[in-house]
Amino acid sequence: MDEIKSASNSLLASYVKDTPKSLKLIDAYMVYILLTGIIQFVYVVIAGTFPNNAFLAGFISTVAGFVLAANLRIQTNPKNASQFPTTSPERAFADFLACNIVVHFAVANFLG
């Protein structure tokens, strides 16, 4: 048990020290999106799926938001700069925003 505690403390210290603030912000957004999806799923399990389109639209929105944020994190990570030589962080963020707009139009259309 002490080894797990030591490893988690080491991981947290390394994350706080070595991760840029922009990536921490994206990580916080991803945690928020993940918690939103979990809350939606738990609500459907407890209350039922009566407004099925509403649940599906919301859940699709959270999953798509998480995936797009993960892509943004990968593209803006300085350690991955060699894999994306033509993509600047600003371009990656613009792609993230454009894809989010498309996803939310699809979600709004799915609601009816």
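The present account deals with the structure reproduced in this document. (Residues numbered from 1 in each chain as written. Predicted model: local features only at pLDDT ≥ 70, side-chain atom pairs only at ≥ 80, totals over all residues. Heavy atoms only, no water.)

1. Focus on the pattern of salt bridges
Move 1: Taken as a whole and judged by the stated rule, the model has 2 salt bridges.
Move 2: Arg 73 is paired through a salt bridge with Asp 27; the nearest N and O atoms lie 2.5 Å apart. With Arg 73 in helix 3 (residues 52–76) and Asp 27 in helix 2 (residues 21–47), the pair connects residues that are 46 residues apart, well separated along the chain.
Move 3: When its relative accessible area of 22% is taken as the criterion, Arg 73 is described as partly exposed.
Move 4: Residue classification places Asp 27 among the buried residues on the basis of a relative accessible area of 15%.
Move 5: Across the pair Arg 91 and Asp 95 runs a salt bridge whose closest N-O atoms are separated by 3.1 Å. Taken as a pair, Arg 91 and Asp 95 lie in helix 4 (residues 89–111) at a separation of 4 residues, close to a single helical turn. (Salt bridge = Lys/Arg side-chain N within 4 Å of Asp/Glu carboxyl O. Helix = DSSP H or I, 4+ residues; strand = E, 2+ residues; numbered from the N terminus. Buried < 20%, exposed > 50% of the residue type's maximum accessible area, 1.4 Å probe, protein only.)

2. Re helix 4
Move 1: Compared with an ideal rise of 1.5 Å per residue, which puts 23 residues at 33 Å, helix 4 spans 33 Å between its outermost C-alpha atoms and is within 8% of the ideal.
Move 2: Among all positions of helix 4, only Ala 92, Phe 96, Asn 100, Val 103 and Val 107 are buried.
Move 3: The inward-facing, buried residues of helix 4 contact helix 2 and helix 3. (Expected span 1.5 Å × (residues − 1). Contact = heavy atoms within 4.5 Å.)

3. Focus on the packing of helix 3 against helix 4
Move 1: Remark: helix 3 packs on helix 4, axes separated minimally by 10 Å, with the N-to-C direction vectors making an angle of 170°. By the angle class used here, helix 3 and helix 4 are roughly antiparallel.
Move 2: Along the lines of polarity and charge, the residues of the contact of helix 3 with helix 4 split into 17 nonpolar, 7 polar and no charged. (Axes fitted to C-alpha atoms, helices over the stretch in contact; angles between N-to-C directions. Parallel < 35°, antiparallel > 145°, perpendicular 65-115°, else oblique. Nonpolar A, V, L, I, M, F, W, Y, C, P; charged D, E, K, R; others polar.)

Without other data, these values stay purely geometric and don't point to any function.
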